Every structure is written in structure tokens, then in C-alpha cells.
Amino acid sequence: MRKVLNPVLLLTMVVVLVSSMFSGTSNVFALEKSGQASEVDLKVMTYNLRYLNNSDPSPHTWAERVPEIKKLIRMERPDIIGTQEVLYQQLKDLGASLPDYEWIGLGREGGNKGEYSAIFYNENRYSPLEYDHFWLSDTPNVIGSKSWGNSIPRMVTWAKFLDKQSNQQFYVVNTHFDHQSAEAREKSADLILEKIKAFDAELPIVLTGDFNTSPDSLPHQTLTSDGAFDDLWETAQNRSNENLGTFNGFKDPTGGGPDRRIDWILGKGDLLTKTIEILDYNKNGQFPSDHYPVMADLTMSY
């Protein structure tokens, strides 16, 4: 007897066949419905803000510098700022001066004690999905630990952000390497590379920091070799103030020259850096900090 397909069954098979033929198109439609953009623009700044102390003379006291820092940030409007050397009181002052920004951080000695490597972000645009801290030592999960010849603890703060407009995600890692121990700086670079292995490999990573060493150093080589990070200063389409360094010491407009470019923005993933600049803003010889900030305007592709 000849078998005849049930009309309902036949219709079902046709639907399945058509669905399979256009599965790729369906995935595209699903991506569009999710609201995810394939490219995300991001303005990132790294800025050592000089810790609050009673030994900096006028006009370099913290109270005198806050208005100029506020002015500089409002002029440049970075999305993300990796800061170094700030104390808790400074974070509170900056938070009051910059109402569009929130920050993530922990004092290097635990709680609100000691300097922070805090990450500021525009809370109108970004939400932190995860964040954590680790110390640059043989025991990175031990608060305040140090073991590589550095006399003070050094640490990393990192966060995974959601860009509310594009629905895409990315990581920011922020740090401050030791100023005395070359061994600490070298091992710190190794540890950062080890730690980011736990991140989602499909997401871009931006690394900001005061690395207390020049671009021809071993830590820089470690961080930028073998497909690790790119130095966005070197890969940018356009650079401004190439003749400057980043440590002005409140008195040197040259920032020490290019060999003293110790503040870096590095990137990992599909990143295009359109512009990067050492911002040498000062007001009648008053520098907002003893470091110049560096800012990159980049595009992340997904």
C-alpha cells in the first residue's frame, strides 16, 4: 500500500526545512533585536592624581588642585578614568565635584586605608557587572601583601562594564606599579597577564596605569609581547604631544621628555585607537597633578 503523508505532518516538515535554511538570518535578526552594536566608542583616561599630603606647597595643595582637575575632566569628558595614588578623602572630593561619575576601588591596605587605584566611570552610560582587586605579590589575594622588594603594597582594581547604549561588555584593569623595585615591576607585569586569563576571552580589555618605568623597559615588553596587550600610544592613528613625558613633578612642562612616558593605556582585543594624547593642561604654571593624564579615543569591535 502506498503511504500518503498527513497534510499536517507535511506542513510541519516544510516549516522545519525553511527554518533551517534561514537559521543564519534568524541569528542576525536575534542580534539586532538584542540591541547590541558591533562597534563601541570609548574615551579612556589614565591619571595619577598625586596623593593628599601636607608637604605640597601652594599652589599644589589638594584644595587648590581640585577645581583644575574638575575643569580638565569636564573639558575632556572621558568615559572611564583609571586613577592612581588617590586617598579616600580625595575620592569623596572628586565624587562631589564630578556628579556624573561613580567609582570602584579599595584602599591598598584594606577598607579605606592607603592609596587607591580607583576606576571612575560615567554612571549614565556604564554599569559594572563584576569587579575585584588583587595585590601585586606572591599572595595576590592577601590584602596589603608585598613580596618583591617593594616597601609599600601595590595593587590592581579591575571591572567588567556593560555599555548601556550598545549592550556590549568590556574590561578595565587599573594599576600602579612600584617606584623603587624593578623586580616588583617585572613580576607585576607577569601577574597581570596571568590574572586576565580568567576573563572572557571574547571581550576587549583596557589596561591603565602608572607603571613607573619607560616604554623600553622589561615590564612594557612583557605586557606587549606575544599577542598580550598593545600600547595604544604606539598603535594610535594620531598622537598629540609626542615630545612630552608624563611626569612633570609640578614644575617641568616637558614631563621629563618621551623617555619619561611612564603612564600608559594598553589594549587587548579588536581595538582601533583613533587619537591618543598627553594632556599638558596647566593654569598659569599650576599643574593639576605632578603627572600629566593620558587619554585615548578608541573603538572596540565585536
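What you see is a predicted model; the values in this text were computed from it and never measured. (Residues numbered from 1 in each chain as written. Predicted model: local features only at pLDDT ≥ 70, side-chain atom pairs only at ≥ 80, totals over all residues. Heavy atoms only, no water.)

Q: So what's going on with the pattern of salt bridges? Which residues, and what values?
A: For the coordinates displayed, the defined rule picks out 13 salt bridges. The closest approach of N and O atoms between K197 and E194, which form a salt bridge, is 3.1 Å. Owing to a relative accessible area of 46%, E194 belongs among the partly exposed residues under this scheme. Between R261 and D231 there is a salt bridge, with its nearest N and O atoms 3.0 Å apart. You can see R261 sitting in the loop between β10 (238-240) and β11 (263-268) and its partner D231 sitting in strand β9 (residues 230-231), a full 30 residues away along the chain. (Salt bridge = Lys/Arg side-chain N within 4 Å of Asp/Glu carboxyl O. Buried < 20%, exposed > 50% of the residue type's maximum accessible area, 1.4 Å probe, protein only. Helix = DSSP H or I, 4+ residues; strand = E, 2+ residues; numbered from the N terminus.)

Q: So what's going on with the confidence of the model for the protein chain? Which residues, and what values?
A: Per-residue pLDDT for the protein chain has a mean of 91; in total, 89% of the residues score no lower than 70. pLDDT under 50 marks residues 1-33. Its contacts with residues more than four places away, or in other chains, come to 2 contacts. (pLDDT = per-residue confidence, 0-100. Contact = heavy atoms within 4.5 Å.)

Q: I'd like a rundown of the sheet that holds strand β13 (residues 294-301), residues and numbers included.
A: Note on sheets: strands pair through backbone hydrogen bonds, and any given pair is parallel or antiparallel. Read across the sheet, 7 strands follow the order β3-β4-β2-β1-β13-β12-β10 without closing on themselves; strand pairing throughout is mixed. Edge positions in the sheet fall to β3 (101-104) and β10, since each of these pairs with one other strand and no more. Between one strand axis and the next, the sheet turns by 20° as a mean value, whatever way the strands run. Both strand β12 (residues 271-278) and β13 contribute to a ladder of 7 bridges, which runs antiparallel. Bridging from a neighbouring strand, T273 pairs with L298 of β13. (Pairing = 2+ DSSP bridges. Axes fitted to C-alpha atoms, helices over the stretch in contact; angles between N-to-C directions.)

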